[in-house]
Every structure is written in C-alpha cells, then in structure tokens.
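Listed here are the chains, written in short residue letters.
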Amino acid sequence: MDKVYSSVEEAVANIEDGATIAIPGFFAAGVPRVLLQALIKKGTKNLTLACGCGPMLGAAEELTQLVKNKQIKKVIDSYGLYRSATKGLQDPFEQAVRASEIELEVYPMGTLAEKYRVAGAGIPAFYTPTGVGSVVEEHIVTNIIANRKPKETRVFDGKKYVLEYALKTDYAFIHAYMGDREGNLVYRKTARNFNPVMATAGKITIAEVEKLVESGKIEPDCVHTAGVYVQRVVEVPRVSFAITID
Amino acid sequence: MPQKFQGLPREMIALRASREIKDGDYVNLGIGIPTLVSNWIEGKDVTLQSEIGMTKTGPLAFDDDVDQDLINASCQPVTELPGIAYFDIFDSFGMIRGGYMDVIMMGALQVNGRGDYAGWANPAARGMDIGNIGGSMDLCAGATKLFITMMHTDPDGGPKVVNEITFPYTTKGKVNMIFTDLAVIEITPEGPVLKEVFPGLTPEDIQSVTGAKLIIAPDLKEIEL
C-alpha cells in the first residue's frame, strides 16, 4: 500500500486538540523536527508530548515556540529539563513547569523505552527493577502533586520490582533516514534511538524520511522498522541542526 | 565558602577511576567527570556503551568528523571504533538492566556510607522536587560494579559523602567505590573505608570534609596516578 503524503502539513492535518504524540530523539539526534514545525504551524492545542530523552532540549526552538503558543498540556520524559539549573530558570518551558501550567511526568529512560515497547506488543504492563530505592517505586513522578498516584511493587525471588504500564499514543512522529512507499524504514547511526520503539507505540505513525525510495529499493534484510507499523510517510529535506543541549 | 583542600583536577579523578577498568570490560560512563574517563582508556581493550544505542563508541569528533547523526549520551559528537554496533533504545536498556555492563560510572550530588546515592534532582537549586532521571536508575538496577566519580565537597564546601542523604535518591545500596579529588573510598558491609588520600592530606583532613564516619584502611596510601 502506498502510504506517501505529499507534505508534512497534509500528514498532520487531522491531528486533533488533546492528542498524545510520541516524540522520539535523544537530545539532538533523530528528532522529527519538520513534523514538529508543521504541528506548530497548525496550532494544535492541549498536546501531550510523550518523549524518551530530551528531544525537545535538542529541538529547543520548536519547544519554545510550542510553549509560547500554549500548545502543550503535558510532557512525559526522562530528561526534560536543562542540566544547568541556572539555565533552566531562564527557560520558558521549565518556567511553565514550575508554575504548574505544563505537567512534566518523569520516568527512568529504560522504563520509558519499555513502556513504548510493550504498548506496541500488546502487553499492558510489566515489572522492572529500575527505580526501586527511589521515589519512582512509590508514586508517579510529576510536578502536579494531585497526579502523584501510588505505584504497585511486587517481590520475585526476594527482589523488589515496580509495576509500570504500557504507553500507547494517538500518534507517533518518526524521523528516519530512508523510507519506501510501504513505510519500511531505515535509521542512521544514533539517530535511531527511540524511533523504532515509538513507531510501534503510535496508533497512527507518521514518518518523515530524508530519502524516499520506491518499494523494493531497501535491502529487505536491512529494514529496521517494518511498514506494518507506519501509516503515513512524507519526504523532508535533511535539516542541519546544532548538536547541543546547553 | 572556599574549598578547604585543593585536590586532583577533574581529569585526574577520571584517570584514577579509569584504573579500575580492565581489558574486556563493557563500560557505561555517565555525564560529567565519568565522561572524562573515556580519555584514559587508550591502549585497553575496553568497549564503551552509550545508552543512546551503540557499543564501541569512539573519541569525541571535531570539525569535518562531526556527524549530526552520531552523538553520545551527553549529546557530544563522537567517532566510530572498529567493531561498532548500533541498536535501538529498548535493546540498549535491555543490555543495561540485563547486567551486561561490567562497570558503570556516574556522578552524584550525595553518597552515603551504605552505598546509596542521590543525583537526579536538586530541589534546592531547581525550586522543585523533580529533575532528570535519564538512564541513571536503569544503570544502577543493572550494575555489577557501580563507581561514583565526583568532587569531594559541593561548591559551598559542604560534604557530598554524607551520613544521611537529603536529596531524592537515585538508588540504594548499589555503590561500590567513590573517587573524588581528595580520596578513594570503598563501600563495604562494615561501612565506608578510606583507601587512598590526596598526597599531603591526613585521614583527619578527609574526615573533616566528610559527613559519613570513615573507617581507615590498614593499608591506607596516597592516590597514585
């Protein structure tokens, strides 16, 4: 099936207010910047951005724009704040988090990766050793006190584990190096990171690809994400960006 | 308040900590002083894993070698070493939690004598009790050996090796050794053992800037680089 859309605007056109969107990227690498820019242009509000490791720090201009437009309701991430507290005090996003205007829900990175993985694999929840001995085992970690719901733990073979739930999203924005018309995707180097797992977690997965090729042109053994997970493909220019989170 | 004692610069803390890494080790280095450890492993058959999704991470990349699709977990451009492998994030954390890393090195805000440490949130500086967990708790969960590298005291001269942790915990009972600008401390069932001191300092000097009660090793020596 041909899943190619002619523009990013068209690819995001039906995203409704209140949607939860998975945003891959590990700091600056592998962030679906062009789709984010289309979302800014469209002005969709009340968004929940389900991230993995600070893609919005890596796409700081897009984040600031989304915050200014008051498009974000909530961010889920393992590393959503600037490392420097001094810099964070100046950051519009962190200011909105501190003022409780935006919710920031925090998980360990590997737990987030698994939350997306099981969401795509039909598993509702899982037990992990990560976070035992910290507040992560006690309740959901968020700046909004009312949302700090207690978590369950269980002991297996004398060792304690925390119950964490699948995180299915309405949409997933994906950044791939190459894609074909069927939605088969190939990533490049460390820009892969959260992209494959989030592609499986989105009910509708939209992939921006730097290189669109005809079906059959990707070496089948080298496909990273099978097209079954991808509903929309759109070709975008390769964007140069600053490799920094400072 | 100025620091009471001058000790090793950060690069030399990293050098001392790097001595614990052996041929064949798979190693993950956290942000900060741990990242500097990568400058001191040349000549060793060591594989650096970066949780962004690669093993055999090479040295930092500069100028024409910079590739925006190739960064380490601290968001620095890096290079590839022969034998490099890329993988996705759940594979990366699978190998971390699964115990495939031999050595984990992390920075910390506070460590106590029982091997607990805090490093992911600084409510005093941030004005809120949440921060960046990143991969720290997964790395602790899967750690075989967990080493902390940090300055011995905070910027105000207060102890970071403490009796009681006051910042939000990262993990409990997992730290094996602490490397600072002033000392090397091993966490044992009996408590924190002072193994090495910066040349010219006495155990009493170290204790005076340490919250936890230190046990003095019978074979206490000066830090050798």
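The structure we're discussing is the one just above.
An account of the accompanying structure is given in this report. Quick caveat: nothing in here was measured; it's all calculated off a predicted structure.

1. Some points on the overall build of chain A
Right, so step 1: What chain A contains, in helices and strands, is eight helices and 13 strands.
Right, so step 2: Computed over C-alpha atoms, the radius of gyration of chain A comes to 18 Å, within 12% of the 18 Å expected from 2.2 N^0.38 for 246 residues, which places it in the range of a compact globule.
Right, so step 3: C-alpha extents for chain A along the principal axes are approximately 50 × 45 × 30 Å.
Right, so step 4: Across the 246 residues that make up chain A, the buried fraction comes to 60%.
Right, so step 5: At a minimum sequence separation of 6, the contacts of chain A that also span at least 24 residues come to 79%.
Right, so step 6: Separation between the mean location of the 30 positive side-chain charges and that of the 29 negative ones in chain A comes to 2 Å.

2. Description of the layout of surface pockets
To find leftover empty space, a probe the size of one water molecule is rolled over the atoms.
All names here are of chain B.
Right, so step 1: The space that makes up the largest pocket amounts to roughly 1300 Å³.
Right, so step 2: Considered class by class, the residues forming the lining of the largest pocket number 25 nonpolar, 15 polar and seven charged.
Right, so step 3: Space inside the second largest pocket adds up to approximately 800 Å³.
Right, so step 4: The wall of the second largest pocket is formed by 35 residues, among which T35, S38, L60, N72 and Q76 lie closest to the centre.
Right, so step 5: Secondary-structure elements contributing two or more residues to the lining of the second largest pocket are β1 (26-29), α2 (33-36), β2 (47-50), β3 (54-60) and β4 (78-86).
Right, so step 6: Ranked by residues supplied to the lining of the second largest pocket, first place goes to β3 with five residues.

3. A look at the sheet that holds strand β7 (residues 117-118) of chain B
All names here are of chain B.
Right, so step 1: The strand order across the open sheet formed by four strands is β9-β6-β7-β10, and the pairing between neighbours is mixed. Strand pairing shows two members of the sheet lacking a second neighbour, β9 (161-162) and β10 (169-171), which therefore form its edges.
Right, so step 2: As paired elements, strand β6 (residues 110-112) and β7 share two bridges and run antiparallel to each other. Note that in β7 the partner of V111 across the bridge is Y117.

4. What about the packing of helix α2 (residues 33-42) of chain A against helix α4 (residues 60-68) of chain A?
Residues and elements named next belong to chain A.
Right, so step 1: In the contact formed by α2 and α4, the axes pass within 10 Å of each other and the chain directions differ by 20 degrees. Compared by their axis directions, α2 and α4 come out roughly parallel. Crossing geometry of α2 relative to α4 is assigned as left-handed. Residues R33, L36, Q37 and I40 of α2 touch α4, and the partners they reach there are E62, Q65 and L66.

5. With respect to the packing of aromatic side chains
Right, so step 1: Scanning all chains against the criterion turns up six aromatic pairs over all chains.
Right, so step 2: Chaining the aromatic ring pairs together yields one cluster made of A:F26, A:F27 and A:Y79.
Right, so step 3: When the ring centre of A:Y82 is taken as origin, the NZ or CZ atom of A:K87, which lies over that ring, is 4.6 Å away.
Right, so step 4: Looking at B:K172, its charged tip hangs above the ring of B:Y169, at a distance of 4.6 Å from the centre.

6. What to know about the sheet that holds strand β13 (residues 191-197) of chain B
Residues and elements named next belong to chain B.
Right, so step 1: Strand order in the open sheet made by the ten strands is β4-β3-β2-β1-β5-β8-β11-β12-β13-β14, with mixed pairing throughout. At either end of the open sheet lies a strand with only one pairing partner, and these are β4 and β14 (215-222). Here the average twist between neighbouring strands, direction ignored, is 30 degrees.
Right, so step 2: In the packing of helix α1 (residues 10-18) onto the sheet, the strands contacted are β5 (103-106), β8 (145-149), β11 (177-179), β12 (183-188) and β13, and the crossing angle to β11 comes to about 150 degrees.

7. Notes on the interface of chain A and chain B
Right, so step 1: Listed by partner, the interface residues are 55 residues for chain A and 41 residues for chain B.
Right, so step 2: Both sides of the chain A and chain B interface together cover about 4000 Å² of buried area, and 63% of this is carbon and sulfur.
Right, so step 3: Between the two partners, chain A and chain B, sit seven salt bridges.
Right, so step 4: We note a salt bridge from A:R188 to B:D67, for which the minimum N-O separation is 2.6 Å.
Right, so step 5: Counting across the chain A and chain B interface gives 24 residue pairs in polar contact (both at pLDDT 80 or more).
Right, so step 6: Elements with a minimum of two residues in the side of chain A that touches chain B: α5 (85-90), α6 (92-98), β5 (103-106), α7 (109-120), β7 (141-142) and α8 (195-201) of chain A.
Right, so step 7: No other element matches the six residues that α7(A) contributes to the side of chain A that touches chain B.

8. A few points about α2(A)
Right, so step 1: Burial of α2(A) is extensive: seven of the ten residues sit out of reach of the surface.
Right, so step 2: Of the residues making up α2(A), those classed as buried are A:R33, A:V34, A:L35, A:L36, A:A38, A:L39 and A:I40.

9. Points about the pattern of salt bridges
Right, so step 1: Summed over all chains, the structure comprises 23 salt bridges over all chains.
Right, so step 2: Residue A:K203 pairs with A:D170 through a salt bridge whose shortest N-O separation is 3.4 Å. Of the two residues, A:K203 sits in strand β12 (residues 202-213) while A:D170 sits in strand β10 (residues 169-180), which places them 33 residues apart along the sequence.
Right, so step 3: For A:D170, a relative accessible area of 24% puts it in the partly exposed group.
Right, so step 4: Residues B:E80 and A:K189 are paired through a salt bridge, measuring 2.6 Å at the closest nitrogen-oxygen approach. Of this pair, B:E80 sits in strand β4 while A:K189 sits in the loop between β11 (185-186) and α8, on two different chains.

10. Quick look at the nonpolar core
Across soluble globular proteins, nonpolar side chains have a tendency to be buried as a group.
Right, so step 1: Counting 75 residues, the largest nonpolar core has A:Y116, A:F194 and B:Y117 as its most contacted members.
Right, so step 2: Ranked by the residues each element gives to this core, the list is headed by α7(A), at five residues.
Right, so step 3: Counting 44 residues, the second largest nonpolar core, distinct from the first, contains A:I15, A:I21, A:V34 and A:A59.

What counts, and where the lines are drawn
Residues numbered from 1 in each chain as written. Chains lettered and ligands numbered in written order. Predicted model: local features only at pLDDT ≥ 70, side-chain atom pairs only at ≥ 80, totals over all residues. Heavy atoms only, no water. Helix = DSSP H or I, 4+ residues; strand = E, 2+ residues; numbered from the N terminus. Rg over C-alpha atoms; globule rule 2.2 N^0.38 Å. Buried < 20%, exposed > 50% of the residue type's maximum accessible area, 1.4 Å probe, protein only. Contact = heavy atoms within 4.5 Å. Lys, Arg positive; Asp, Glu negative; His and termini not counted. Charge placed at Lys NZ, Arg CZ, Asp CG, Glu CD. 1 Å grid on protein atoms, 1.4 Å probe; cavity = no way out; pocket = protein on both sides within 12 Å on 5 of 7 lines; lining within 4 Å. Points joined across faces, edges and corners; volume = space filled by probe spheres on them. Nonpolar A, V, L, I, M, F, W, Y, C, P; charged D, E, K, R; others polar. Pairing = 2+ DSSP bridges. Axes fitted to C-alpha atoms, helices over the stretch in contact; angles between N-to-C directions. Parallel < 35°, antiparallel > 145°, perpendicular 65-115°, else oblique. Left-handed = near helix turned anticlockwise from the far one by under 90°. Phe/Tyr/Trp six-rings, centres within 6.5 Å; stacked < 30°, edge-to-face > 60°. Lys NZ or Arg CZ within 6 Å of the ring centre and 35° of its normal. Buried area = accessible area lost by both parts, 1.4 Å probe. Salt bridge = Lys/Arg side-chain N within 4 Å of Asp/Glu carboxyl O. Polar contact = N/O pair within 3.5 Å; in protein donor to acceptor, adjacent residues only side chain to side chain. Core = buried A, V, L, I, M, F, W, Y, C linked by side-chain atoms within 4.5 Å.

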